[in-house]
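Report on the structure
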Amino acid sequence: MKSLKPGREEMQLEFGRVVQLQILHSHVVQNRDLLGFGPLPVQNERAPGHSGSRKLLVSRNDQLHKTACKPRLIMAFASNKESGIQVGDRLYLGMDFGTSGARYALIDKQGIIQSEGKREYPVFMSEEKMDWARSWRTVLFSLLEDVPVHLRPLVASISIDGTSATTIIVDSNTGDPLWRPFLYNESFPDALPMVKSIAPANHTVCSGSSTLCKLVSWWNIEESNKKSALLLHQADWLLWLLHGKLGVSDYNNALKVGYDPASDSYPPWLLSQPYSQLLPSVMAPGTSIGNLKEDIKTQFGFQEDCIVCAGTTDSIAAFLAARATQPGKAVTSLGSTLAIKLLSTMRIEDARFGVYSHRLDDKWLVGGASNTGGAVLKQFFTDEQLQKLSEHINPMKASPLDYYPLKSVGERFPVADPNMVPSLHPRPESDVEYLHGILESIARIEAKGYNLLKDLGATQAEEVFTAGGGAKNEKWTKIRERVLGLPVSRAMQTEAAYGAALLALKGAQKNSY
Ligand SMILES: Nc1ncnc2c1ncn2[C@@H]1O[C@H](COP(=O)(O)OP(=O)(O)O)[C@@H](O)[C@H]1O
Ligand SMILES: O=C(CO)[C@H](O)[C@H](O)COP(=O)(O)O
């Protein structure tokens, strides 16, 4: 295999499109105890990818997309020889399926990144709607293809994080989607009365965007095929494509369908419902589910013993990546959305405000996810414009502009209101002032979120690490420090894919690699 050297290389892909591999120098992170936050409770289709020939062997229903666009490779990185991989070393692969694109991170047992890459989601339309399942599946195998061929035999384990409450109802025999996926921020208020009638008051599922509301709404559709149906989350379904065991989830993804991570079980009020037969089994994130499927190992050159581990949600993976280990430490994911996670000794649940708690070891990640965030910025500014305009912002000066930046109607947290309308006017002449106003308004929502958690009894936040695309904006970090009144910094690792790789490492260690 041609060794990838730092610099720029071009690869002629089978589709005749040339993508450029930006080969960057090795990232080296401090050799820290990556897993210092204690033992995490580790509670079909023909794969494409003969990377030598760059031949994409696709299943029958993807044959069409041989001519369609391949997911655009945004960045790929392979280590150079100084990264110190020794003979016998193993590597751990994490993949993050975020809102605007997917990434992978390949790390060694010290947490040094040996390779990473990003892909945009390709657009496949089916009956005039985006075919998200096909797009995610295509990117999954494209990311596997982007892992340098010479590193694949070293991969010991794989894990995936996805957007929370993104729900796919599949055929329990074939795993094929029976319905379009319901995305993380879609709300189904039609199901809310039924859900509120069975669940405890203010339970996490009592929100229109909860997985349970999506399941009940689908269940109430006349023509839905209820007999051989199974509910999976985005990460579960993508992992199934790799391990082939249908019906397995993790207790982070399963939280919003009603799983109770404290008792490690579905509650009786849920199991007594007719649709409970659709619920997946649940494992602790990072638990080994099974071996990577034979055909994928053969086609991509992964080892016989490569295992696939239960995943998590994207903002939990971002928290893991930040390696915040003490109560009071918090991570704000500034991606397309704003998700906050505060490590607390106290579990807080209150759907009135969109507040819920994920389990992390013997502590709780209290927080919520707002619909504000980078997706709103993207409507007005490219990443380059954000960078250029931010240079002219004085972060120590408060913006007089007061917006509620949303991309569309509906808010989940810290106000749970499916009818909340975006507020982004008046727009000043100056784009610098407008951006300043939006960044400051998002910071105010973040501050409202942390204050709400404190008022509800969570451990008070004392330091905030930042993950996601917004973490690179130092002016925004300063604005947020001023508005939150807390120390705010960029996390050591800002990509959720790194957190998913830590889960894979954890799973492999449990399997004692
Ligand atoms: N310099 C910047 N300042 C603020 N936001 C930024 C900057 N660069 C990128 N972003 C935002 O980051 C977001 C993408 O972050 P990312 O973590 O990749 O999102 P996701 O994982 O939710 O798809 C985009 O919505 C973009 O607007
Ligand atoms: O906004 C989102 C997509 O990026 C998700 O809702 C986010 O993952 C928050 O959910 P959770 O707290 O369950 O991880």
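- With an unreviewed UniProt entry as reference, the chain is termed D-ribulose kinase, source organism Dovyalis caffra.
- In its Catalytic activity (unreviewed entry) section, the UniProt entry covering the chain states "D-ribulose + ATP = D-ribulose 5-phosphate + ADP + H(+)".

**Considering the overall build of the chain**
- Along its length, the chain carries 12 helices and 22 strands.
- Each of the 513 residues in the chain was classed as buried or not, and the buried ones make up 60%.
- Entry remark: accessible area of the chain is about 19,900 Å², with carbon and sulfur atoms responsible for 52%.

**A look at the site of ligand 1**
- Taken together, the neighbourhood of ligand 1 is formed by 17 residues, with Ser100, Arg103, Ser336, Gly374 and Gly469 sitting nearest.
- Thr99 is positioned such that a nitrogen or oxygen atom in its backbone is 3.2 Å from an oxygen atom of ligand 1.
- A distance of 2.9 Å separates an oxygen atom of ligand 1 from a polar backbone atom of Gly469.
- Relative to its free-state accessible area of 580 Å², ligand 1 is covered by the protein chains to the extent of 93%.
- For the shell around ligand 1, the secondary-structure elements that each account for two or more residues are α8 (374-380) and α9 (383-390).
- Among the elements that take part in the shell around ligand 1, α8 stands out by supplying three residues, more than any other.
- Among the residues making up the shell around ligand 1, the classes are represented as four nonpolar, 10 polar and three charged.

**Overview of the state of the cysteines**
- Under the defined criterion, the tally for this structure stands at zero disulfides.
- With no disulfide partner, Cys206 has as its closest neighbouring cysteine sulfur the one in Cys213, 7.5 Å distant.
- Residue Cys206 is classed as buried on the basis of its relative accessible area, which comes to 9%.
- Residue Cys213 is classed as buried on the basis of its relative accessible area of 0%.

**Description of empty space enclosed by the protein**
- For the largest cavity, the calculated volume is near 160 Å³.
- Ser207, Ser209, Lys256, Gly354 and Tyr356 are, among the 15 residues lining the largest cavity, the residues nearest its centre.
- Looking at the lining of the largest cavity residue by residue, the class counts come to seven nonpolar, six polar and two charged.

**Brief notes about the nonpolar core**
- Ranked by size, the top nonpolar core spans 41 residues in total, and within it Leu435, Ile438, Tyr450, Leu453 and Trp476 carry the most contacts.
- Mapped by element, the contributors of at least two residues to this core are β17 (329-334), β18 (338-344), β20 (363-370), α8, α9, α10 (431-455) and α11 (474-484).
- Among the elements that line this core, the one with the most residues is α10, at 11 residues.
- In this structure, Ala133, Leu140, Ile168 and Leu239 belong to the second largest nonpolar core, which totals 39 residues.

**Focus on the packing of α9 against α10**
- One way to put it is that α9 packs onto α10 with a least axis distance of 9 Å and a crossing angle of 100 degrees. Here α9 lies roughly perpendicular to α10, going by the angle between them. Facing Leu386, Leu389 and Ser390 of α9, the residues of α10 in contact are Asp431, Val432, Leu435 and Leu439.
- Considered class by class, the residues forming the contact of α9 with α10 number five nonpolar, one polar and one charged.

**Notes on the pairing of strand β10 (residues 167-171)**
- Among the five residues of β10, five are classified as buried, and the element is accordingly described as predominantly covered.
- As paired elements, β10 and strand β11 (residues 229-233) share five bridges and run antiparallel to each other. The residue bridging Val170 from the neighbouring strand is Leu230, located in β11.

**What about the site of ligand 2?**
- As a structural note, the neighbourhood of ligand 2 is formed by 14 residues, with Ser164, Thr313, Asp314, Ser315 and Lys341 the closest of them.
- In this structure, an oxygen atom belonging to ligand 2 sits 2.7 Å away from a side-chain N or O atom of Thr313.
- The side chain of Asp314 places a nitrogen or oxygen atom 2.3 Å from an oxygen atom of ligand 2.
- Contact with the protein chains covers 97% of the free accessible surface of ligand 2, which is 370 Å².
- Among the residues making up the shell around ligand 2, the classes are represented as three nonpolar, seven polar and four charged.

**Topic: helix α4 (residues 234-243)**
- Burial analysis of α4 places 10 of its 10 residues in the buried class, which makes it a mostly covered element.
- Every buried residue belonging to α4 is among Gln234, Ala235, Asp236, Trp237, Leu238, Leu239, Trp240, Leu241, Leu242 and His243, and all of these are buried.
- Where α4 terminates, the next one or two residues include Gly244, which has phi positive at roughly 80 degrees.

Here is what the cut-offs are and how they apply
- Residues numbered from 1 in each chain as written.
- Chains lettered and ligands numbered in written order.
- Predicted model: local features only at pLDDT ≥ 70, side-chain atom pairs only at ≥ 80, totals over all residues.
- Heavy atoms only, no water.
- UniProt positions renumbered as here; feature names shortened; annotations may be inferred.
- Helix = DSSP H or I, 4+ residues; strand = E, 2+ residues; numbered from the N terminus.
- Buried < 20%, exposed > 50% of the residue type's maximum accessible area, 1.4 Å probe, protein only.
- Areas by Shrake-Rupley, 256 points an atom, 1.4 Å probe, with all protein chains shown as cover.
- Near = heavy atom within 4 Å.
- Polar contact = N/O pair within 3.5 Å; in protein donor to acceptor, adjacent residues only side chain to side chain.
- Nonpolar A, V, L, I, M, F, W, Y, C, P; charged D, E, K, R; others polar.
- Disulfide = S-S within 2.5 Å.
- 1 Å grid on protein atoms, 1.4 Å probe; cavity = no way out; pocket = protein on both sides within 12 Å on 5 of 7 lines; lining within 4 Å.
- Points joined across faces, edges and corners; volume = space filled by probe spheres on them.
- Core = buried A, V, L, I, M, F, W, Y, C linked by side-chain atoms within 4.5 Å.
- Axes fitted to C-alpha atoms, helices over the stretch in contact; angles between N-to-C directions.
- Parallel < 35°, antiparallel > 145°, perpendicular 65-115°, else oblique.
- Contact = heavy atoms within 4.5 Å.
- Pairing = 2+ DSSP bridges.

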